[in-house]
Structure formats: structure tokens, C-alpha cells
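Reading the structure
So you can see what is in the structure, the chains are spelled out below.
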Amino acid sequence: MTRHEHAAPASLGGNLLNPATIVCAVLAAVMLAILLVRFIYGLGLVTNLNDGYPWGIWIVFDVVIGSALACGGFSVAMLVYIFNRGEYHPLVRPALLASLFGYTLAGAGVIMDLGRWWNTWHIFWPGYANPNSVMFEVAVCISLYIVVMWIEFSPTFMEKFGKAEAKRKLNKVMFIFIALGTVLPMMHQSSLGTMLVVMGVQIHPLWRTPLEPALYLLTAITMGYAVVLFESCLASSALTRKIEMHLLTPLSKVMLGFLVAYLLVRLGDVAVRGALPLAFVPSLEAAMFWLETTCFMAPLFLIGRESQRRNPGRLFLAGILLMLGGALLRIDGFLIGYETGDGFNYFPALPEILVTVGLFSLEVIGYIVVTRRFPVLPRDVQAVH
Amino acid sequence: MTNRRDFLKDCLAGGTALATGTAAGPACARETRARPPEALGLLYDATLCIGCKACVAACKQANDNPPEFSTVDHIWDTPLDTSAYTFNIIKVYRNGTMDHKDEEENGYSFMKISCMHCADPSCVSACPVSAMTKNPVTGVVGYDPDICIGCRYCVAACPFGIPKYQYDSPTGKIGKCELCRHRTKDGHYPACAEVCPTGATLYGRTSDLLLEAKRRIALKPGTITRFPRGRLGGPDQSWEGAAGKYLPHVYGEKEYGGTQVLKLSGVNFQKVGLPDLPEDAAAALSESIQHSLYSNLAMPFAVLGVMAFAARRSVVKQSEDEGKEEDQP
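1. A closer look at the overall build of chain A
Summing up its helical and strand segments, chain A has 12 helices and two strands in all. Viewed in the frame of its principal axes, chain A has a C-alpha envelope of about 60 × 50 × 45 Å. With 385 residues in all, chain A has 49% of them scored as buried. Once local pairs closer than 6 in sequence are excluded, the contacts in chain A between residues at least 24 apart make up 81%.

2. Brief notes about the nonpolar core
Within the largest apolar cluster, 206 residues are counted, with the highest numbers of intra-cluster contacts made by Leu229(A) and Cys154(B). It is helix H7 (residues 212–238) of chain A that contributes the most residues to this core, 14 residues altogether. In this structure Cys154(B) touches Cys123(B), Ala126(B), Cys127(B), Met132(B), Pro163(B) and Ile174(B), once residues within four positions along its chain are discounted.

3. Regarding the pairing of strand E9 (residues 201–205) of chain B
All names here are of chain B. When you tally the buried positions in E9, you get four out of five residues, the bulk of the element. Bridge count for strand E1 (residues 40–45) against E9 is five bridges, and the pairing is antiparallel. Note that in E9 the partner of Tyr-44 across the bridge is Thr-201.

4. Quick look at the sheet that holds strand E12 (residues 261–264) of chain B
All names here are of chain B. Taken in spatial order, the three strands make up an open sheet running E9-E1-E12, and their pairing is mixed. A strand with exactly one partner marks an edge of an open sheet, and here the two such strands are E9 and E12. With direction set aside, neighbouring strand axes in the sheet form an average angle of 20°.

5. Description of the environment of Asn130(A)
One can find Asn130(A) in the loop between helix H4 (89–113) and helix H5 (134–160). What makes Asn130(A) buried here is the crowd of 21 C-beta atoms within 10 Å. Spatially, the C-alpha atom of Asn130(A) lies 36 Å from that of Pro155(A), the residues being 25 residues apart in sequence. Apart from residues no more than four positions distant in its own chain, Asn130(A) is found in contact with Phe136(A), Cys127(B), Pro128(B), Val129(B) and Ser130(B).

6. Let's talk about the confidence of the model for chain B
Residues and elements named next belong to chain B. Looking at chain B, the pLDDT average stands at 89 and 89% of residues meet or exceed 70. Here helix H1 (residues 2–23) stands out as the least confident element of chain B, with mean pLDDT 45; E12 is the most confident, with 98. Segment residues 7–25 is flagged for pLDDT under 50; beyond a separation of four residues in sequence, or across chains, it makes 16 contacts in the model. Note on residues 325–329: pLDDT is under 50 here. Beyond four places in sequence and across chains, it has two contacts.

7. Re the sheet that holds strand E2 (residues 89–94) of chain B
Residues and elements named next belong to chain B. Spatially, three strands are ordered E2-E4-E3 in an open sheet, and the strand pairing comes out mixed. Of all strands in the sheet, those bounded by a partner on one side alone are E2 and strand E3 (100–101). When E2 meets strand E4 (residues 107–113), the two strands line up antiparallel, connected through six bridges. Of the residues in E4, the one forming a bridge with Arg-94 is Tyr-108.

8. Looking at the interface of chain A and chain B
Across the boundary between the two partners, chain A contributes 57 residues, which contact 56 residues of chain B. Per element, the largest residue contribution to the side of chain A that touches chain B is 10 residues, and it comes from helix H6 (residues 164–194) of chain A.

9. As for the environment of Leu321(A)
Residues and elements named next belong to chain A. On the secondary structure map, Leu-321 appears in helix H10 (residues 312–336). The class for Leu-321 is partly exposed, based on 19 C-beta atoms found within 10 Å. Spatially, the C-alpha atom of Leu-321 lies 28 Å from that of Met-199, the residues being 122 residues apart in sequence. Not counting residues up to four positions away in its chain, the partners in contact with Leu-321 are Cys-295, Ala-298 and Pro-299.

10. Things to note about the pairing of E4(B)
All names here are of chain B. Counting buried positions along E4 gives six out of seven residues, so the element sits mostly inside the fold. Sheet topology places E3 next to E4; two bridges connect them, and they run parallel. Considered in E4, the bridge of His-100 is made with Gly-107.

11. As for the packing of helix H3 (residues 72–82) of chain A against H4(A)
All names here are of chain A. Viewed as axis vectors pointing N to C, H3 and H4 meet at an angle of 155°, and their least axial separation amounts to 7 Å. In terms of orientation, H3 and H4 fall into the roughly antiparallel class. Considering how the two elements wind past one another, H3 and H4 form a crossing that is left-handed. Counting all contacts with H3, which are made through Gly-72, Gly-73, Phe-74, Val-76, Ala-77 and Val-80, the residues of H4 involved are His-89, Leu-91, Val-92, Ala-95, Leu-96, Ala-98, Ser-99 and Leu-100. Taken together, the residues of the contact of H3 with H4 break down into 10 nonpolar, four polar and no charged.

12. Section: helix H2 (residues 54–62) of chain B
Those residues of H2(B) lying buried are Cys55(B), Val56(B), Ala58(B), Cys59(B) and Lys60(B). Where H2(B) is buried, its residues contact E2, E4, helix H5 (191–195) and E9 of chain B.

13. Looking at unusual backbone geometry
Residue and element names in this part refer to chain B. The phi torsion at Asp-64 lies on the positive side, around 55°, for a residue other than glycine. Along the chain, the position of Asp-64 falls in the loop between H2 and E2. The exposed category is assigned to Asp-64, around which 8 C-beta atoms lie within 10 Å. If you check the backbone angles, His-117 has positive phi at about 50° while not being a glycine. Structurally, the position occupied by His-117 is in the loop between E4 and helix H3 (122–126).

14. Here we look at helix H9 (residues 284–302) of chain A
Residue and element names in this part refer to chain A. The terminal C-alpha atoms of H9, which comprises 19 residues, lie 27 Å apart, in line with the 27 Å expected from a rise of 1.5 Å per residue. A maximum bend of about 30° is found in H9 at Cys-295, where proline Pro-299 lies one to four positions downstream. Buried within H9 are the following residues: Met-288, Phe-289, Glu-292, Phe-296 and Pro-299. Where H9 is buried, its residues meet helix H8 (245–272) and H10.

15. Some words on the packing of helix H1 (residues 19–41) of chain A against helix H11 (residues 350–373) of chain A
Residues and elements named next belong to chain A. With their axes 7 Å apart at the nearest point, H1 and H11 run at an angle of 140° to one another. Relative to H11, the element H1 is oriented oblique. Of the two possible hands of crossing, H1 and H11 adopt the one that is left-handed. Each of Ala-20, Thr-21, Cys-24, Ala-25, Leu-27, Ala-28, Val-30, Met-31, Ile-34 and Leu-35 in H1 lies in contact with H11, whose residues at this interface are Pro-351, Leu-354, Val-355, Val-357, Gly-358, Leu-359, Ser-361, Leu-362, Val-364, Ile-365 and Ile-368.

Reading the values: rules and limits
Residues numbered from 1 in each chain as written. Chains lettered and ligands numbered in written order. Predicted model: local features only at pLDDT ≥ 70, side-chain atom pairs only at ≥ 80, totals over all residues. Helix = DSSP H or I, 4+ residues; strand = E, 2+ residues; numbered from the N terminus. Buried ≥ 20, exposed ≤ 12 C-beta atoms within 10 Å, placed from the backbone. Contact = placed C-beta atoms within 7 Å. Core = buried A, V, L, I, M, F, W, Y, C linked by C-beta atoms within 7 Å. Pairing = 2+ DSSP bridges. Axes fitted to C-alpha atoms, helices over the stretch in contact; angles between N-to-C directions. pLDDT = per-residue confidence, 0-100. Parallel < 35°, antiparallel > 145°, perpendicular 65-115°, else oblique. Left-handed = near helix turned anticlockwise from the far one by under 90°. Nonpolar A, V, L, I, M, F, W, Y, C, P; charged D, E, K, R; others polar. Expected span 1.5 Å × (residues − 1). Bend = angle between axes of the 7 residues up to and from the residue.

In C-alpha cells:
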């Protein structure tokens, strides 16, 4: 059973005040200042939102794309616990941590976009909640998932603070939270795609399909694995750790499986609905469609062969392409392919961009603090091999 | 390898549970809704409209909305489009020399833009908190700012671009026509129809308005006929005039399952700014997908059961393996 020989996770240690955290803290402070202005004067002063584009990057980037990029925890947990592939266990905690921050901040990010945020609790109140609304499902499901992820991750804190008894008790029922942690993302990641359906004819035919939930779920999974590839390669170079190639090579094969499934559904759907000719009409939409499709197709050639999957550089690049492809699918559906009538344009304002940057900086600070002080990353991969 | 065989067996069991959940799906498909029988609405006849914009001013007053300026002098209320502060507007189509009213070539035409009060509204389906609701009797689509969370999904969902948001306010609300439902208890009806001097905007039950619209379309252009004004079925304020040259299409009769506001025009409806919509409402498709996947939460719980079973097996198996390793040197 050599495949289960893992090093126990350990905190990295080191100073929390370093150039990376200081830069991130400054960016987060800028975000807070902008948000102060937003809450005093309204959305119009700091964003370029308008009635033609009521949703900008705070929704499309921070929530729709951000939560999909935060699917690493879900994708890896599914592999380890549902498909019983214990060998990937060392990837679970770091992936879950990134997901935890991604989702928690996406949830917080929604609040700053809500025009009447003090009524947010209405979503969860039986007299007000509207189960016909796709957004109701997304909101409830994401909120639940954030709670479930904190519970899934809590053993890390329990280890740090010596709560062995509490950890033992929680571990007995952990399988329930692990199961919830796979079902909830399946639900809301697919629903994020379904959100486009009610917009009907306003969505360009290349992205207007009742199969939206399937497309968004499949790409959320591929994006989850892509992020794990990306982060593992990045963490290994930044923290001078050895790349876990013995895990990443087979993991990328699983990812390719989901990618092929996605491409079959995506291209099949576009062809069957007769929307394909529109991809050959010279337009921004057609160009974006091909850019998006290329990002999804390229990894097949980049890491299609086993020998190619042993090359960290190729895995890194394939990971970036799939993250980009998934992001483009979402930008194209919600912004580029969304046409509400003449006379409306949207490009994010600088303060709007700075808020998104600040939110991401907060995630980075959180990740650095937690990995340096709490047992998240495997002690040293080399000690085992 | 028993391990793997067991797992496949589990998957099969799970698959059966899933299939059962999916089989329940199509029963949840919901048809596009029709208008309530007593639905209230407006009939706008572009050929009768003289572009006086009395309806725009009256709407502002009735809804206590501030003026919006598009000219340098800031004297007159001059909105260019509907907004969170302008619920009704008259737009103009121009072509070439603009010599003839209600003609596409070298002509011009007016069009009233305001909420269509859809039979199956996208905004109501989209709203996560029931701030946007459709009255089951009158069919009026109303908005309650005290419930609204300001997510603007209604703004994104509406194919007519009607619900609009106050981006300039820290407590921004959605603004849209609610068919003057706040004025009906005083015996009033929509201000736009009350003040319309030619009956171009006519208020009444949508079923009656539809008959009136079809009567007009059936007339030979130029035929002298009576045009009611104000409220259809109310005090007679009708006048005698010549029938216009209509396109044989009552806009709103069938679009998205029908709307309660109907329109007649001599110029192509897309050219005067109305979207080309199918007969099936997007809300029906969206809700069919949601209810097929989530009816009684059967499918999520079935999947959860399978996942919990698989996760429990893996956790036990993996911790056993870890245990064995510890025993081994």
C-alpha cells in the first residue's frame, strides 16, 4: 500500500510580514477605501454599471469566475473521497484552503454589489424566498457550502490548538460534510449557468442553451483541477518545494477526461442548435467563441500524451489555458454575448477593478498566513520519496 | 481489486437512484403561463399618437419622480430613455425625409416604452426574494422596495429592459411602471391613459383591449370609425377618426406567452425598438430546468446519499491504510 505513504501536513513557519503580504495589505486597504465611498454614495460613483449591464466584474469575475476557480477543493475532494483515490490526499488541504478563501470572499463580494444589502436575509426567510429564482438556489447553496467548507477545514485548526478529542469526534461524521461538499458545488456551479436561461433572447445564440447547467458544472470541475495544477507548480517554485509530479501527472489525466466530456457537450450543443454558422460571422462574439474554444482544445494537444503529462511546464500551461477557457465561457455568456439593446456599453471602472484586485489580495494574505501558521501543506514531499 | 468491483457496484446503485430522480424531472416541466382572465393592461396605438408626451409628464407626476435632463439648460424634463426615475417614455423612429407618419420609408413613428406586464414575467421568476410579484387577479407586475435586496437580476432578465436601478443612490431602488396600482383605490387608472388626448394609450382589461386592437387591424385604412379614449368600458369619451394603416400584428398578443400591454404600429416593431420574442417565455424554461433538478430536493438527496456512502467507505479505508502504515516499520 505504498500509495498511501503521505507526509503529515505541517505549518511552513516564517515571517508573516514580507513584501508579498505588505503589498497585498496595501491593495486590500485601497479596496476598503473604495468600498467606503460605494456604501456612502452608491454603486454609480465607483463602478461603470448601467441598466444595460447591471452586473459587472464584481459579479462575473468575483463570484461567477471566482467561485469556479475555487472549485479545486471540490474537484480534489471528489477524487479522494468519492472515487477513493487516497494517493491524492496531500492535495486536499491546500486545495480546500484556496477554495475556502475563494468562496468566502465571493460571498462577501456579493454583499458589496447588492444595492439593498441590509435586506440580504430575505433570501433565507420563508415568506420572502422565491424557489423559482435561480439566484435563490445559487445564494442558499453557496452560503451552505461556505459553512460546510469551514467545517471540512476545521481539523487543521483543531490540530494546531491541540483539540484532539474534538477532531476525533468530528472525523466520525466528516463523511457527511465531505458528501455535502461535493453535492453543493455541483448544485450551485450548474445553477450559475442556469442563471443565463431566464435572460432568454438577450444572450447570443452561441451561449444560449438549456444545457447551460451541464456546461458550467463540467468547466467548474476542469477549472478546479487546473487551479490545483497551477497552484502546485507555483507554490513549488515560490516556496522552493519539490513539485508533486507523481500526483499531478495522473491528476491531469482525470482533468482531460472531464475536458473531453465538456467539449463533446459544448460543440455538440452548438452544432445541434444550429448556432455554429454564427461562429463564422465576423463579430466580436465569434472571435471570443474561437478564443474560448481554443483555450479548451489546446490542452488536448499540449498534454494529450502520457510523456507530455510528466512535463511540469506543459501541465502549468495547460492549467492556465483551462482556467482562462472557463473564465472566458463565463465572461462571454454574462458580458460579451449579453446584449440588452442599443446604447449600452460596459468596461469596468478603475475603482471597480481595484476592488476585485483587493479582494484577491485578501485571499493571498489569508493563504500565506494560514499555510505559515497552520498544518496545511505536506511537510516535505521529498522525505517520502 | 475487490475494492474496485465494490465501488462499481456502488456506482450502479447510485446511478439507479439518479435515474429515478431524473425520471421525475419531465413532470416538472412548466408551460408558459397565460394572462389571468381579468388581466388589466394598456393598448398603445402608434397611429393615434401625436407625440405630445402628456403621458410622460403625467407618469412623472403620478409616481412622484424627479425630472431628468438631457439638454444644457436644465429647464424641461427631457429623459432620453426609461430609467429608475422615468417609467414611461415616447420614442420616435425616423427614416429619410420623415415625410409620412407611420411609414417605414421616409417616414416616422412614435412608440411608447414602459412595462409590458408580461403574462409570464422574467423579472418575477428571477427575483430571489419575491420583491417583484405578479398580482394573481389583475396581473400587474408590482415591486416592493422594502423586500428588494438590490441584486438587479430583474434588470438583467427583462427582455424589454424595463426594471431599472438607481445607481446614484446608496439605498438604490428599482423603478418601473406598476400600472398606477397605487392610484386605483381612488378610482383612478393609469395616468398615461387618463391624460392621452387621442386615446393612443387606452386602459382596460387586456382581453377587451385585444378585441379592440383586432377590430382596428381589420378596418380598411382610412375607414371612419370611433376611437375610445381613457378607459375602455368607462364613460364615453370616444371620437371619430380615420383608421390608420396597421401591420397585421398585435404586439404582445403572443410574445413570451403574451403581455398585458398591447401595441399597434404601422412600422415594424423591431424598428421602433421592441424585441422579437418567441411565444415561449424564458421564465418557463428556466423554472422547468430548476424544478426538474430540484423538485422536492429528490435528486440532490439521492446524489448526497451516494456521495455520503462513497465518502464513508473511502474515509474508513484510507484511515485503515494509514493505521497499517504506522504499525509497519
